[in-house]
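Structural description and commentary
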Amino acid sequence: LNYKSYMLHVFVLPQGSGSGWVAPAGGQEAWYNDANYAGCGAILGGKGSDCPNCQTRKPYTVLVEVQDTLRRLNFSRHQVDLKVMCVDEIGALVPLEETPVPKPLLV
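Attention in this report is confined to the structure presented alongside it. (Residues numbered from 1 in each chain as written. Predicted model: local features only at pLDDT ≥ 70, side-chain atom pairs only at ≥ 80, totals over all residues. Heavy atoms only, no water.)

Another point: the pattern of salt bridges. Overall, the coordinates contain 4 salt bridges when judged by the stated rule. Taking the shortest distance from any N to any O, the salt bridge between K4 and E89 comes out at 3.3 Å. Placement of K4 in the segment before β1 (6–14) and of E89 in the loop between β3 (80–88) and β4 (93–95) is noted, with a sequence separation of 85 residues between them. E89 gets classed as partly exposed once you look at its relative accessible area, which sits at 41%. (Salt bridge = Lys/Arg side-chain N within 4 Å of Asp/Glu carboxyl O. Helix = DSSP H or I, 4+ residues; strand = E, 2+ residues; numbered from the N terminus. Buried < 20%, exposed > 50% of the residue type's maximum accessible area, 1.4 Å probe, protein only.)

Our focus in this paragraph is unusual backbone geometry. Of note in this structure, N74 is not a glycine but carries a positive phi near 60°. Note on placement: N74 falls in the loop between α3 (67–73) and β3. Judged by relative accessible area, N74 falls into the exposed class, the value being 67%.

By size, the foremost hydrophobic cluster in this structure holds 13 residues, and its most contacted members are L8, V12, V66, V84, C86 and V101. Only β1, β2 (37–43) and β3 provide two or more residues apiece to this core. Considering every element that reaches this core, the biggest residue donor is β1, with 4 residues. Aside from chain neighbours lying at most four places away, what touches V66 is V10, V12, A38 and L106. Residues F11, Y37, M85 and V87 belong to the second largest nonpolar core, which totals 5 residues. (Core = buried A, V, L, I, M, F, W, Y, C linked by side-chain atoms within 4.5 Å. Contact = heavy atoms within 4.5 Å.)

Geometric values such as these leave the question of function open.
As structure tokens, then:
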């Protein structure tokens, strides 16, 4: 992760509508109230060479439960796309596609 940490904010969108999607205005505080906001997870990797665990820990899965959002929006997991906005350790907003974090899987 190039010694970066991220909060991963997950949005559930109708399938096929994600290509032109942009995060709702207002940043993280506003996202919590967005109908498509499903939750968040975190990846810690930003302590750099001062953190032996950051250097040796193997990749791990970050789980974000989205069932409540699917139910509220009346979608099955087969009818949606996931979009993820990342907030790094200095507060910069970055789309997932611009980070080394892999695409999410909906299982």
